[in-house]
Amino acid sequence: MIEAPEACCLSEQLNRTVKGKKITDVFAQYTPHKFAWFYGNPEEYPERLAGKTIDEVNPRGGMVEIKAGEMMLILTDGVNLRYFAPGEKLPTKHQLLIGFEDESCLVASVRMYGGLWCFPNEGFNAPISAYYEAAKNKPQVMSDEFDKEYFGKLIDADEAQKKTAKAFLATEQTIPGLGNGVLQDILYNARIHPRTRINALSAEQRENLFYQIKSTLREIYLQGGRNTETDLFGRNGGYVSHLSKKTVGTACPRCGETIKKENYLGGSIYYCSGCQANQ
Ligand SMILES: [Zn+2]
């Protein structure tokens, strides 16, 4: 699943490769996928997008937002997006293919599940729209707008106090684009156990957590995303997570204790049993 740093990398690559290109061919749900979510009828996608030009691409949390004329195309986390230069061999399976005038293509395929929502700029009405609106309207976690003051309000809010660090940071879209993937290294760098309750954190730890969110995400971004994800050209990112299924059971490079794994809140958590003590 891509998250904020990968969505930023992808958006930049898209702006460099397809911005200004005119869409000529569109195939939606070419390979039927039960968990590929479209907005309205996918058969209408060619009509909505053909003839439009890609104006701008922006990251929204862990989603990528593509503006093309009066249409918006949102690709959620869980959608693999690849660019193919003119003449390159195209994959035979995909849920959305967008062909351009110069015969280059964007090909989107859904892994387990994912949204490929195309709708007019003025907005759309669907149960899913709240998910997108939240990602769009809240400050992007990697932007300057997401600053110490903003984070302070989130973490000092009454409703945050009884939550654990994982619940606070990576659920309910409190911080769109910060999910269970990047969470592990953020908490490792902050030396906070995922099950530690927010009300157990000192003012100093809260401030440090803010800096660790910023620096960890920036590091992932600068390395082109995590190595478990691929970019627009199918290349793996360069960032190797400190905590992952590959480092479970090994010694923590910081303190020598063992890296552990547990299931918690609908996903795995990883932590060092030595330097991320549960407070
Ligand atoms: Zn450790």
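Just so you know, these numbers come straight off a predicted model, no measurement behind them. (Residues numbered from 1 in each chain as written. Predicted model: local features only at pLDDT ≥ 70, side-chain atom pairs only at ≥ 80, totals over all residues.)

A. A look at the overall build of the protein chain. Along the backbone of the protein chain there are seven helices and eleven strands. Here the C-alpha atoms of the protein chain give a radius of gyration of 20 Å, agreeing with the 19 Å that 2.2 N^0.38 yields for 279 residues. In terms of overall dimensions, the protein chain has a C-alpha envelope of 55 × 40 × 30 Å along the principal axes. Considering the protein chain as a whole, with its 279 residues, one finds that 42% of them fall into the buried category. For the protein chain, long-range pairs separated by at least 24 residues make up 63% of all intrachain contacts whose partners lie at least 6 apart in sequence. (Helix = DSSP H or I, 4+ residues; strand = E, 2+ residues; numbered from the N terminus. Rg over C-alpha atoms; globule rule 2.2 N^0.38 Å. Buried ≥ 20, exposed ≤ 12 C-beta atoms within 10 Å, placed from the backbone. Contact = placed C-beta atoms within 7 Å.)

B. A look at the domain arrangement of the protein chain. What the domain assignment reports for the protein chain is domain 1 (4–137) and domain 2 (148–272). Taking only C-alpha atoms into account, the centre of domain 1 sits 28 Å from that of domain 2. The partner domain 2 presents 19 residues to the 19 residues of domain 1 that form the contact. When residues of the side of domain 1 that touches domain 2 are traced back to their parent elements, those giving at least two are helix H1 (4–17), strand S6 (79–84) and helix H3 (129–137). Among the elements that make up the side of domain 1 that touches domain 2, the one with the highest residue count is H1 (ten residues). By residue class, the composition of the side of domain 1 that touches domain 2 is twelve nonpolar, five polar and two charged. (Domains from an automatic or database assignment. Nonpolar A, V, L, I, M, F, W, Y, C, P; charged D, E, K, R; others polar.)

C. Up close: the sheet that holds strand S8 (residues 105–110). Taken together, four strands build an open sheet; the order of strands is S1-S7-S8-S6 and the sheet is antiparallel. Single-partner strands in this sheet number two, and they are strand S1 (23–28) and S6. Between one strand and the next, the sheet's axes are offset by a mean angle of 10°, whatever the strand orientation. (Pairing = 2+ DSSP bridges. Axes fitted to C-alpha atoms, helices over the stretch in contact; angles between N-to-C directions.)

D. Just the sheet that holds strand S2 (residues 36–38), in detail. In space, the five strands of this open sheet follow the order S2-S9-S5-S4-S3, with mixed pairing throughout. Each edge of the sheet is formed by a strand with only one pairing partner; in this case those strands are S2 and strand S3 (54–60). The sheet shows a mean angle of 15° between the axes of neighbouring strands, direction not considered. Two strands pair when backbone bridges link them, and strand S5 (residues 71–75) and strand S9 (residues 114–120) are joined in this way by five bridges, in the antiparallel orientation. Along S9, the bridge assignment pairs Leu75 with Leu116. Those strands touched by H3 are S3, strand S4 (63–68) and S5, and its axis lies near 90° from that of S3.

E. A look at the environment of Ser268. Among the secondary structure elements, Ser268 is positioned in strand S11 (residues 268–272). Separated by 84 residues in sequence, Ser268 and Gln184 have C-alpha atoms that sit 9.3 Å apart. Ser268 has contacts with Lys261 and Asn263, leaving out every residue within four places of it along the chain.

F. Expanded view of the pairing of S5. Counted residue by residue, S5 has four buried out of five residues, so it is predominantly covered. Sheet topology places S4 next to S5; five bridges connect them, and they run antiparallel. Looking at the pairing, Ala68 lines up with Met71 of S5. Remark: two residues form the turn of the hairpin made by S4 and S5, two consecutive strands paired antiparallel; Gly69 in that turn has positive phi of roughly 60°.

G. Just the packing of helix H6 (residues 180–190) against helix H7 (residues 203–222), in detail. Between H6 and H7, the least distance of the axes is 9 Å, while the angle of their chain directions is 130°. Between H6 and H7, the angle falls in the class oblique. The interaxial crossing formed by H6 with H7 has right-handed handedness. Residues Val182, Asp185, Ile186, Asn189 and Ala190 of H6 lie in contact with H7, whose contacting residues are Asn208, Leu209, Gln212, Ile213, Thr216, Leu217 and Ile220. Residues belonging to the contact of H6 with H7 are distributed by class as follows: seven nonpolar, four polar and one charged. (Parallel < 35°, antiparallel > 145°, perpendicular 65-115°, else oblique. Left-handed = near helix turned anticlockwise from the far one by under 90°.)

H. Broad picture of the packing of H1 against H7. The N-to-C vectors of H1 and H7 enclose an angle of 40°; their axes lie 8 Å apart at closest approach. Judged on the interaxial angle alone, H7 and H1 are oblique. As for the relative orientation of H1 and H7, their crossing is right-handed in sense. Where H1 approaches H7, its residues Ala4, Pro5, Cys8 and Cys9 are matched on the opposing element by Leu217, Ile220 and Tyr221. Class assignment of the residues belonging to the contact of H1 with H7 gives a composition of seven nonpolar, no polar and no charged.

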